[in-house]
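Fold and geometry: a report
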Amino acid sequence: MRSLTAALTTEKNKLDMPSAWLPLVTIEVSDAEILRIVPNPTNVTFRGETYLAFGLEIDEAVHDAKGGLHDLNVSVSNVTREISAYIEFHDLRGSRVTILYVNSANLADPDAVVAEERYEIMSIHVKGSQFVSFTLGHDRINQHQFPSGRFLRDNCRWIYKSLECGYAGGLASCDKILEGSNGCRAHANVARFGGFPLLTPIPGRML
């Protein structure tokens, strides 16, 4: 799990903050069908994908004495019978589930994911017409994204205008690259560039 940036930590600690922490849930129903849902009153768009507003409750992830994760229970509303339809037509056991944790104030930033957890559906329990409970197997080490911080040569890893970025000027956006008309140098902010331009280029890659 990534550490929160200073800006996001400040947002998290506000007693009355206008934004909310959202778990964006992706269920790979089949090779051709992906279900994306979020516990929010309205649909949410992130990285060009729309997550449908849904009644959803995710239990808190609990670690055991050795630091491993217990299975995670997720309850999904079934009042409209949509989830039942998926269960009837697809065997969801073994399906991959990805949960991205983002803050609603940073949905425009594709790099604003503070945690990414990957699971698989171990069992399904239909509990009346109200909701369906999914038991997710704890993330396998070969499915976890390591390292938590990526070392990118040409792209800045900071959230624009965050404490790490440090830019406080009047430009409304940044391309998160070093050069270019809307890059870090154009912002006169090269010293805070969050990439690693001295890394060896990948052969054959176009810059």
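Residues numbered from 1 in each chain as written. Predicted model: local features only at pLDDT ≥ 70, side-chain atom pairs only at ≥ 80, totals over all residues. Heavy atoms only, no water.

**Some details on the pairing of strand S7 (residues 96–103)**
Look at any regular strand and the pattern is simple: side chains alternate between the two faces of the sheet. Here is the rule we go by: Between buried and exposed lies partly exposed: a residue is buried under 20% and exposed over 50% of the maximum accessible area for its type, with that area taken using a 1.4 Å probe on protein chains only. A run of H or I in DSSP becomes a helix once it reaches four residues, and a run of E becomes a strand once it reaches two; helices and strands are each numbered from the N terminus. Pairing between strands requires that DSSP locate at least two bridges from one strand to the other.
Here S7 lies mainly inside the structure; six of its eight residues are buried. Here seven bridges tie strand S1 (residues 21–28) to S7, and the two strands are oriented antiparallel to one another. Following the sheet pairing, tryptophan 21 is matched in S7 by asparagine 103. Pairing between S7 and strand S8 (residues 115–127): six bridges, direction antiparallel. Counted as the bridge partner of leucine 100 is glutamate 116 from S8.

**Brief notes about the nonpolar core**
Defined as follows: Residues belong to a common nonpolar core when they are buried Ala, Val, Leu, Ile, Met, Phe, Trp, Tyr or Cys residues joined through side-chain atoms within 4.5 Å.
The biggest cluster of nonpolar side chains holds 19 residues, and the ones touching the most others in it are Val76, Val97, Phe134 and Leu136. Elements supplying a minimum of two residues to this core: S1, strand S2 (34–38), strand S6 (72–77), S7, S8 and strand S9 (131–137). Core analysis: the second largest hydrophobic core is formed by nine residues, Leu22, Val38, Phe46 and Val102 among them.

**Points about unusual backbone geometry**
It is generally the case that most residues other than glycine have a negative phi and that most peptide bonds are trans. We note that arginine 47 has phi near 55°; this positive angle belongs to a residue other than glycine. Its location among the elements puts arginine 47 in the loop between strand S3 (44–46) and strand S4 (49–53). In this structure, alanine 188 takes a positive phi of about 55° despite not being glycine. Among the secondary structure elements, alanine 188 is positioned in the segment after S9.

**So, the packing of aromatic side chains**
Just so we agree on the cut-off: Side-chain rings of Phe, Tyr and Trp (the six-membered ring for Trp) are treated as a pair once their centres are within 6.5 Å; stacked means planes under 30 degrees apart, edge-to-face means over 60, and tilted covers the remaining angles. We call a charge positioned above a ring when the Lys NZ or Arg CZ atom is no farther than 6 Å from the ring centre and deviates by at most 35 degrees from the ring normal.
Taken as a whole, this structure holds one aromatic pair when the rule is applied. It is arginine 157 that lies over the ring of tryptophan 158; its NZ or CZ is 4.0 Å from the centre.

**Digging into the sheet that holds S7**
Rules: Think of each axis as a best-fit line through the C-alpha atoms, taken over the contacting stretch in the case of a helix, with angles from 0 to 180 degrees between the N-to-C directions. Contacts are assigned to residue pairs with any non-hydrogen atoms lying within 4.5 Å of each other.
In space, the nine strands of this open sheet follow the order S3-S4-S2-S1-S7-S8-S9-S6-S5, with mixed pairing throughout. Edge positions in the sheet fall to S3 and strand S5 (56–58), since each of these pairs with one other strand and no more. For this sheet the average axis-to-axis angle between neighbouring strands, irrespective of direction, equals 30°. As paired elements, S6 and S9 share six bridges and run antiparallel to each other. Paired with serine 77 across the bridge in S9 is phenylalanine 131. The sheet strands contacting helix H2 (residues 82–89) are S2, S6, S8 and S9, and the helix crosses S9 at an angle near 55°.

**Points about the pattern of salt bridges**
Our working definition: Salt bridges are defined by distance alone: a side-chain nitrogen of Lys or Arg within 4 Å of a carboxyl oxygen of Asp or Glu.
Scanning all chains against the criterion turns up five salt bridges. The partner of lysine 176 in a salt bridge is aspartate 109, and the shortest N-O contact between them spans 3.0 Å. In this pair, lysine 176 sits in the segment after S9 while aspartate 109 sits in the loop between S7 and S8, placing the two residues 67 residues apart along the sequence. On the basis of relative accessible area, aspartate 109 is assigned to the buried category, the value being 10%. In this structure, arginine 118 engages glutamate 116 in a salt bridge whose closest nitrogen and oxygen atoms are separated by 2.8 Å. It is possible to trace a salt-bridge network through shared partners that takes in Asp109, Asp111 and Lys176.

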